[in-house]
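Observations on the model geometry
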2 protein chains.
Amino acid sequence: MTKMPTPGAPPSPGHDGRPGRPVGLRDVARMAGVSTATVSRVLNTPERVSATLRERVAAASARLGWVPDGTARALATRRTGAVGAVFPTLSHGDFARAAEALQGELRSRGYTLLLACSHYDLAQEHLLVRQFVERGVDAVVLVGNAHDPQTIGLLDRLSVPYVKTFNYDPEWRHHCVGPDNRRAMHGLTRYLLRLGHRRFGVIAQSAHNNDRAAARLQGVRDALSEMGLSVRPQHLVEGRWTIAEGRALFRKIIEKKPWPTAVICGNAYLAVGAVLEATARGIALPGEMSIVGYDDVEIMQELPVPITTLRIRSDEVGRLAADYVVATLAGKQPSTELECEVEIMERSSSGPVPRASRRESVPRRAKGADAGRR
Amino acid sequence: MTKMPTPGAPPSPGHDGRPGRPVGLRDVARMAGVSTATVSRVLNTPERVSATLRERVAAASARLGWVPDGTARALATRRTGAVGAVFPTLSHGDFARAAEALQGELRSRGYTLLLACSHYDLAQEHLLVRQFVERGVDAVVLVGNAHDPQTIGLLDRLSVPYVKTFNYDPEWRHHCVGPDNRRAMHGLTRYLLRLGHRRFGVIAQSAHNNDRAAARLQGVRDALSEMGLSVRPQHLVEGRWTIAEGRALFRKIIEKKPWPTAVICGNAYLAVGAVLEATARGIALPGEMSIVGYDDVEIMQELPVPITTLRIRSDEVGRLAADYVVATLAGKQPSTELECEVEIMERSSSGPVPRASRRESVPRRAKGADAGRR
DNA sequence: TTGTAAGCGTTATCAC
DNA sequence: GTGATAACGCTTACAA
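This report concerns the structure included in the present document.

Turning our attention to the sheet that holds strand E6 (residues 200–205) of chain A. Residue and element names in this part refer to chain A. The strand order E7-E6-E8-E9-E10-E11 describes an open sheet built from six strands, whose pairing is mixed. Either end of the sheet is taken by a strand with one partner, and the two such strands are strand E7 (236–239) and strand E11 (342–345). Each strand axis lies, on average, 15° off the axis of its neighbour in the sheet, ignoring direction. Direction of pairing for strand E9 (residues 290–294) relative to strand E10 (residues 308–312): parallel, over a ladder of three bridges. Residue Val292 lies in a different strand from E10, and its bridge partner there is Thr308. Relative to E9, helix H11 (residues 268–280) is tilted by about 160°, and along the sheet it contacts E6, strand E8 (262–265) and E9.

What follows is the structure, given as structure tokens:
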């Protein structure tokens, strides 16, 4: 129960080892021969305290090893300097990176991060946010745009600033930061269309309580329908986000011919699984088929067939989120950059549509400059 | 500055939208026609309140949408219900999983997690711990056994319970939870010795401020020296923990012959890199060489040559850590299971020493039942 | 510049 | 079982 160094030592000794109450601001004040207000000022507005007293206080504080009590300060100032964030999970590399960057940025601005995972459960998320609010967080960071109305209601009612991340939506503006999932996938799909692909497969991440996944799928659909195309039902499969799942779903897609000439995966792990399964089956990439993913993880560029994918700077998302809430708390305008750049990392897993498929895969003449056979 | 729904709404309206102060316990008490003490009791010790009042209070509370103020409660009770954790990073899969599990377990016990990353910097870690302590965390979770003495001193002086994780050391006992890195690597090395390997390469993770990495290396060394063996200097390389780094370091090891017959990697990503580089160079695994890693990540079992490695249940580490601090806070004895099981996942990247190396690689007759040539 | 004293919103110790 | 009321440790007008 007690810890190592001072085996029998009860609660909190002062610097002299006396068992008395923990040292507080009053003790420092007494020792420095000043009022409590002055000690407080030394901490918060040192410039308003004479150098002499400032030093006396600092000395006393150091000598007593005083650690200011944040809860008392929070009660008095009505702000905790804490920000709560709810992520779906941390097992997903991009969320982990974003969380790390968020924490780093918050800390450099004097804030502390409270972190929790909702496991893609909005009810759970609501509970967590509520818990955060009770703990007095100054702001909240959420992932995605889909939330329990009560959650948003609570935040609004209590005037707790919040920001939605990882799914920038032009409609919402100044309330969310991150990549525009739909637009990103739209671009990736157009890239494949430019390569001549017309028959697409999609290994989507389950859109259950995941508006980012839904937006990505929508991006694919939009790009295709602009060309009068769509994904055949048997070529649209969906699952979670493991490599194993990517393999299994890819198998499902190639169950019977004709195969799609391009397979778009909803996230990095699904893409890795798909590529691994394809190469294991001797399917030539990109000779016979193209496979692309969303989000970039290191393994994708190290595999025998490096995978074309969208690079999202998730650490940037974390930083932007921190910037947003901190600015809001300071009453300032957040940085105008709320949307994150995404970049197509073109690698060997994608290429021009296979010769054999050229003719048969163009159902109707498509409009647009880049639609023809080149 | 204000948020969406009620554009011009100042701070905190009651349920009626009046701009007044946020609703507090007193308001609930007044509306329910009871004393503040009773409202508090309904929250904390409902069984000591008559059903009638309990319901009246609950009703009033709900009607006013009261959210208890945690900071005030913390000040009064002298406990925040928060636990601070400092991880080196979250980009490493195992830390991310541990953090997630830690948070989940803490939450189920009513605690909230404050999370921060030290980036393998002990000074930084100290600052973070200090910040946590000021914020009034009830306990702290640290990674590894190596820390700034001041950090531990601070925790001890303020009687803040803490646990060290990810490097169980029998010496420390009841103060750390996790796998025994040294012993785990010792076991893995012995496994390779049993397969007949005598010439080893090591791609170690940098041991700078990383006692886990150091312990792992020590485990290898111990196992070898028990057989009168050691790692040749040119076969011992060290770096961070990316796949690219694993590739580069592997290249260094095979710069000139004779090659080691077995290469032990200090973590999962280094192992993935080594295996990828080896196969890219046409080195047959395990025909010509064996490669093993520490820690198991999904990609390891999905690669064309699945990688033998040690499986550490990092989520278990997180859970154990939560269990430890919560039990300590409750004045109980923590679960007796502080050490985490590790398991050798034997896969295709390792096997018996190549025939060609059998003779030359046994420098002196080794002792032990499993040392001979089978 | 410095000090006095009134909160901040709970909990906890008493009596009743 | 219920109600006054004094803490809890700090900040912050307001005075001096």
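Moving on from the model shown.
The next point concerns empty space enclosed by the protein. Tallied over the entire structure, the rule returns eight cavities of 30 Å³ or more. Along the walls of the largest cavity sit 16 residues, with Asp94, Phe95, Phe166, Arg216 and Tyr294 of chain A positioned nearest its centre. When residues of the lining of the largest cavity are traced back to their parent elements, those giving at least two are helix H5 (93–108) and helix H9 (211–225) of chain A. Looking at side-chain class alone, the lining of the largest cavity contains six nonpolar, six polar and four charged residues. In terms of domain composition, the lining of the largest cavity takes at least three residues from each of domain 2 (81–179 + 315–340) and domain 3 (181–313) of chain A. Estimated volume of the second largest cavity: approximately 130 Å³. Around the second largest cavity, the lining is made up of 15 residues, and of these Asp94, Phe95, Arg212, Arg216 and Tyr294 of chain B lie nearest the centre. Where the lining of the second largest cavity is concerned, the elements lending two or more residues are helix H5 (93–108) and helix H9 (211–225) of chain B. Partitioned by chemical class, the residues of the lining of the second largest cavity number six nonpolar, five polar and four charged. Shared between two domains, the lining of the second largest cavity takes at least three residues from each, and those domains are domain 2 (81–179 + 315–340) and domain 3 (181–313) of chain B.

Residues and elements named next belong to chain B. Orientation of helix H6 (residues 122–134) relative to helix H7 (residues 149–157), taken along the N-to-C sense of each, is 15°, at an axis distance of 9 Å. Comparing their axes, H7 and H6 come out roughly parallel. Here H6 runs over H7; the crossing is left-handed. Contact with H6, carried on its side by His126, Val129, Arg130 and Val133, involves Gln150, Thr151, Leu154 and Leu155 of H7 and no other residues of that element. The residue makeup of the contact of H6 with H7, split by class, is four nonpolar, three polar and one charged.

Moving on, we come to the interface of chain A and chain B. Taken together, the contact pairs 72 residues of chain A with 71 residues of chain B. Each partner contributes to the roughly 5,800 Å² buried at the junction of chain A and chain B, and carbon and sulfur atoms together form 54% of this total. Summed over the shared surface of chain A and chain B, the number is four salt bridges. Its salt-bridge partner being Asp69 of chain B, residue Arg78 of chain A comes within 2.4 Å of it at the nearest N-O pair. On inspection of chain A and its partner chain B, the count reaches 34 residue pairs in polar contact (both at pLDDT 80 or more). Of the residues contributing to the side of chain A that touches chain B, the split by class is 40 nonpolar, 18 polar and 14 charged.

On to the sheet that holds strand E8 (residues 262–265) of chain B. All names here are of chain B. With mixed pairing, the six strands of this open sheet are ordered in space as E7-E6-E8-E9-E10-E11. Of all the strands in the sheet, the pair left with one neighbour each is strand E7 (236–239) and strand E11 (342–345). Across the sheet, the mean angle from the axis of one strand to that of its neighbour is 15°, orientation sign disregarded. Examined bridge by bridge, strand E10 (residues 308–312) and E11 share four bridges and lie antiparallel to one another. For Ile312, the partnering residue across the bridge sits in E11 and is Val342. Helix H8 (residues 181–194) rests against strand E6 (200–205), E8, strand E9 (290–294), E10 and E11 of the sheet, and its axis sits at about 165° to E9.

Parameters at a glance
- Residues numbered from 1 in each chain as written.
- Chains lettered and ligands numbered in written order.
- Predicted model: local features only at pLDDT ≥ 70, side-chain atom pairs only at ≥ 80, totals over all residues.
- Heavy atoms only, no water.
- Pairing = 2+ DSSP bridges.
- Helix = DSSP H or I, 4+ residues; strand = E, 2+ residues; numbered from the N terminus.
- Axes fitted to C-alpha atoms, helices over the stretch in contact; angles between N-to-C directions.
- Contact = heavy atoms within 4.5 Å.
- 1 Å grid on protein atoms, 1.4 Å probe; cavity = no way out; pocket = protein on both sides within 12 Å on 5 of 7 lines; lining within 4 Å.
- Points joined across faces, edges and corners; volume = space filled by probe spheres on them.
- Nonpolar A, V, L, I, M, F, W, Y, C, P; charged D, E, K, R; others polar.
- Domains from an automatic or database assignment.
- Parallel < 35°, antiparallel > 145°, perpendicular 65-115°, else oblique.
- Left-handed = near helix turned anticlockwise from the far one by under 90°.
- Buried area = accessible area lost by both parts, 1.4 Å probe.
- Salt bridge = Lys/Arg side-chain N within 4 Å of Asp/Glu carboxyl O.
- Polar contact = N/O pair within 3.5 Å; in protein donor to acceptor, adjacent residues only side chain to side chain.

Purely spatial values, then, with no claim about function.
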